[in-house]
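Coordinate inspection notes
For reference, the chains in residue letters:
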Amino acid sequence: MKVTLTKYIDLQGATVYLTFEKDTERLDIQKYLNGEHFDNEIIEKRVLDYLRSIGILDENYQPTSYGNFVKKTGLLKVREEGKYQIWLTQNDSFFGNKIFYFRRIQPNNDVVNEINIRIDNSEHFYLPTAQNKFAKLKLVHNDDYWGQKNQRQDRIMLHWIWQDTAQSAFRFEGKLGNNNTEIGKEYIPCQIDLDEKIQEILPNWDTQIKRYKIFFNETDEASRLSCEGNLDYKWNDFNVRIEKLPLMPYNAEDAKKWRDRLVIETLKKEYLTVPDFESVVIETNEKEAFQSYTNSLNIPKPQTFSDSIKKDTVAFWHLNAPMDLNPKTKVNLAAKPVELKEGDEISFAEIANKLGYDNSGNSAIFLYYDKYVVNHRQQKSVAALSNAFVSNKKIVVTDLTPKENSSDFISKQCSDIKLKEITTIFKTGYPAHDRYIVFGNSEKLNVWNIPNSIDFITFSDRNIDKNTVGTIRQSVVFTPISKEMLKPELLNFINSELQNGK
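Below, the structure is looked at part by part. Residue positions are counted from 1 within each chain, in the order its sequence is given. Where local features are concerned, this predicted model is filtered to residues with pLDDT of at least 70; where side-chain atom pairs are given and counted, the filter is 80 or more; whole-chain, interface and lining totals use all residues. Side-chain metrics in this entry use all non-hydrogen atoms of the structure; hydrogen atoms and water are not considered.

This paragraph deals with the overall build of the chain. The helix count covers DSSP runs of H or I at least four residues long, the strand count covers runs of E at least two residues long, and both are numbered beginning at the N terminus. In terms of regular secondary structure, the chain is built from 13 helices and 25 strands. Throughout, the radius of gyration refers to the C-alpha atoms, and the reference size of a globule is 2.2 Å times the residue count to the power 0.38. Here the C-alpha atoms of the chain give a radius of gyration of 35 Å, more than 25% beyond the 23 Å that 2.2 N^0.38 yields for 502 residues. Overall size of the chain, expressed as C-alpha extent along the three principal axes, is 110 × 65 × 40 Å. Accessibility here uses a 1.4 Å probe with only protein chains present; expressed as a share of the type maximum, an area under 20% marks a residue as buried, one over 50% as exposed, and anything in between as partly exposed. Split into buried and exposed, the 502 residues of the chain put 48% on the buried side. Pairs at least 24 residues apart make up 69% of the contacts formed inside the chain by residues separated by at least 6 positions. Approximately 26,900 Å² of the chain is accessible, and the part contributed by carbon and sulfur atoms is 45%. Contacts are assigned to residue pairs with any non-hydrogen atoms lying within 4.5 Å of each other. Accessible surface is estimated by sampling points in the Shrake-Rupley manner with a 1.4 Å probe; for residues, cover comes only from the protein chains shown.

A few words on the pattern of salt bridges. Salt bridges are defined as contacts in which a side-chain nitrogen from Lys or Arg sits within 4 Å of a carboxyl oxygen from Asp or Glu. Per the counting criterion, the structure on display carries 32 salt bridges. Between Asp260 and Lys256 there is a salt bridge, and its shortest N-O distance comes to 3.1 Å. Linking Asp260 with Lys256, this pair stays in helix H6 (residues 252–269), spanning four residues, or about one helical turn. A relative accessible area of 44% places Lys256 in the partly exposed class.

The aromatic pairing rule takes the rings of Phe, Tyr and Trp, using the six-membered ring of Trp, and pairs them if the centres are within 6.5 Å, calling planes under 30 degrees apart stacked, those over 60 edge-to-face and the rest tilted. One pass over the full model with this rule turns up 37 aromatic pairs. On the numbers, 6.0 Å between centres and 55° between planes, the contact of Phe170 with Phe172 is tilted. Looking at Phe170, the relative accessible area reads 5%, which means it is buried. Relative to Phe389, the ring of Phe366 has its centre 4.7 Å away and its plane inclined at 25°; by these criteria the two rings are stacked. Highlighted residues: Phe366 in strand S18 (residues 363–369) and Phe389 in the loop between helix H11 (376–386) and strand S19 (391–398), separated in sequence by 23 residues. Any Lys NZ or Arg CZ found within 6 Å of a ring centre and within 35 degrees of that ring's normal is scored as a charge over the ring. Sitting over the face of the ring of Phe238, Lys7 holds its NZ or CZ atom 5.4 Å from the ring centroid. When the ring centre of Tyr8 is taken as origin, the NZ or CZ atom of Arg155, which lies over that ring, is 4.9 Å away.

Below, the discussion takes up the nonpolar core. Joining through side-chain atoms within 4.5 Å is the link that ties buried Ala, Val, Leu, Ile, Met, Phe, Trp, Tyr and Cys residues into a set, and such a set is a nonpolar core. Grouped together as the largest cluster of nonpolar side chains are 62 residues, with contacts concentrated most on Leu5, Leu18, Ile86, Phe100, Ile156, Phe170 and Phe172. The element contributing the most residues to this core is strand S1 (residues 2–25), with eight residues. Once residues within four sequence positions are removed from consideration, Phe170 is found in contact with Phe94, Phe95, Phe125, Leu158, His159, Trp160, Glu186, Tyr187, Ile188, Cys190 and Ile192. Of all hydrophobic cores here, the second largest spans 34 residues; its members include Ile351, Phe389, Ile410 and Ile464.

Expected span, for any helix, means 1.5 Å times one less than how many residues it has. The end-to-end C-alpha distance of helix H7 (residues 274–285), which contains twelve residues, comes to 17 Å, matching closely the 16 Å that a straight helix rising 1.5 Å per residue would cover. H7 sits mainly inside the fold: eleven of its twelve residues count as buried. Taken together, the buried positions of H7 are occupied by Pro275, Asp276, Phe277, Glu278, Ser279, Val280, Val281, Ile282, Glu283, Thr284 and Asn285. Considering only its buried residues, H7 is in contact with H6, helix H8 (302–307), helix H9 (314–320) and H11.

Next up on the list: the sheet that holds S18. For sheets, the rule is that strands pair by backbone hydrogen bonds, running either parallel or antiparallel. At least two bridges found by DSSP between two strands are what make those strands a pair. The strand order across the open sheet formed by seven strands is S16-S25-S22-S21-S18-S19-S20, and the pairing between neighbours is mixed. Looking at the sheet topology across the chains shown, the edges are occupied by strand S16 (338–340) and strand S20 (417–421). Taken over all neighbouring pairs, the strand axes of this sheet differ in orientation by 20° on average, direction set aside. As paired strands, strand S22 (residues 445–449) and strand S25 (residues 476–481) are joined by three bridges and run antiparallel to one another. Note that in S25 the partner of Asn449 across the bridge is Thr479. Sitting on the sheet, H11 is in contact with S18, S19, S20 and strand S21 (436–440), with an inclination near 160° to S18. An axis is simply a line fitted to the C-alpha atoms; with a helix, the fit covers only the stretch in contact. Between two such axes, the angle follows the N-to-C directions and lies from 0 to 180 degrees. Packing of helix H13 (residues 488–500) onto the sheet brings it into contact with S18, S19, S20, S21 and S22, and relative to S18 it is tilted by some 150°.

This next bit is on the sheet that holds strand S24 (residues 470–472). Pairing within the open sheet is antiparallel, and its three strands lie in the order S17-S24-S23. The open sheet is flanked by strand S17 (345–346) and strand S23 (457–458), the only strands paired with a single partner. Here two bridges tie S23 to S24, and the two strands are oriented antiparallel to one another. Across the sheet, the residue bridging to Thr458 is Thr471, located in S24.

Moving on, we come to helix H2 (residues 41–53). Here H2 contains 13 residues, and its C-alpha end-to-end distance of 18 Å stays within 8% of the 18 Å for a straight helix at 1.5 Å per residue. Polar contact is the term for a pair of N or O atoms within 3.5 Å; when the atoms are in protein, one must be able to donate a hydrogen and the other to accept it, and sequence-neighboring residues count only if both atoms are side-chain atoms. Among the residues of H2, the N-terminal cap falls to Asn40, whose side-chain oxygen and the backbone nitrogen of Ile42 are separated by 2.9 Å. Directly beyond the C-terminal end of H2, a positive phi value near 85° is found at Gly55.

Let us look at the side chain of Lys7. With respect to the helices, strands and loops of the structure, Lys7 is situated in strand S1. Classification of Lys7 by relative accessible area gives buried; the value is 3%. Apart from residues lying up to four places away in sequence, Lys7 is in contact with Asp92, Ser93, Phe94, Ile156, Met157, Leu158, Asp237 and Phe238.

The analysis is restricted to geometry; functional conclusions fall outside its scope.
Right under this line is the structure:
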């Protein structure tokens, strides 16, 4: 998110007698504090005494907190007093009464009077020009100021630029005085708390999720699909421009409308079987934009969802024509299909046993193929499933393209599992809706086809392993197929891994 706030600032000119401190760059002192000392003992002693007298060193000649500041930044606070031409705001809605620039002038015999100007106690600016660098001023405050106002006023432009709510900077444009002194267009770091300020600018900003709540019917199509938008409006004296503003539904009702719109967009692109449809819904429900409404977003049945889609559209047919997917043909093998019914309670170790794994440790390879091993829950489940198989090699073939809800659980927590990018195996398009569990060795390879993603089972425990009992969320049938039913590229990859050993 990039936020740019712009406004004009009117500056009053005045000639005033002032005393203030400003940061002055003293690289020689910084170098000395960082170890570049003098060989001459007399000079060395004088430098030490000077630094102690201005508060950089303490009585034991050790750096004070101020001394450490100078050591780090090279900036020395120097007090000045005299007669100055200043430019300052008066009752500005954002800055109040701040000095923005000054120029020292020679005192003369002109009669000076007390003048009616307001100057705040807070930090003031010394804006950068071709003649000077930017500095902050600390005014030694007086109750009364002596001098005279100028009839001339100058106007400059402020650009306040944010990068998310992590940091921001001011940039000023304009010219000052009769000499048309031009302000340098450098970025000046701003210390304002943006997490607090954004709540003033965007009252519907969600402070926890860091997204802007907006009604569904107030968004355009591009914003709905990306969950981001651009915003232009007025706030106080500022013109506000926000690019890539993170969006979220205003309420639970809008969250459902928004979620359904994203699911329909997926259906426009591809056919979805019933299990794939439910996986897409789950993945969409877990988007950051819907985080506040997870408990209210259900998983609709495909038939029910189909009723909400306009008939004779691509999305409608992609949901209602599963026969176009040409599912795998079953073959006559010794193993029989394994059925798990909705509501059954079972662990991955028990599933492995039902699939014919005897826990003998003779398996040279375990491979799980599924495009959708994306989010944290899916990766934890696949990791627990793989742990039910003792094998020399454990491989998960999936789509590793980064997504909003991508997890790094397997790569960070499971060193025994190798993640393989699905597109590196297939030269052309890959079977996006196929899922397999493969285990065994070169003599006997067991291949099981699964219609569902790993989401077919849910766990109440956050930490799961192969023996953790879960609940079958959706009935699933594991079907044994011969290895020849696999795509040649995938079978070649498995054979290559078997030949290469560890």
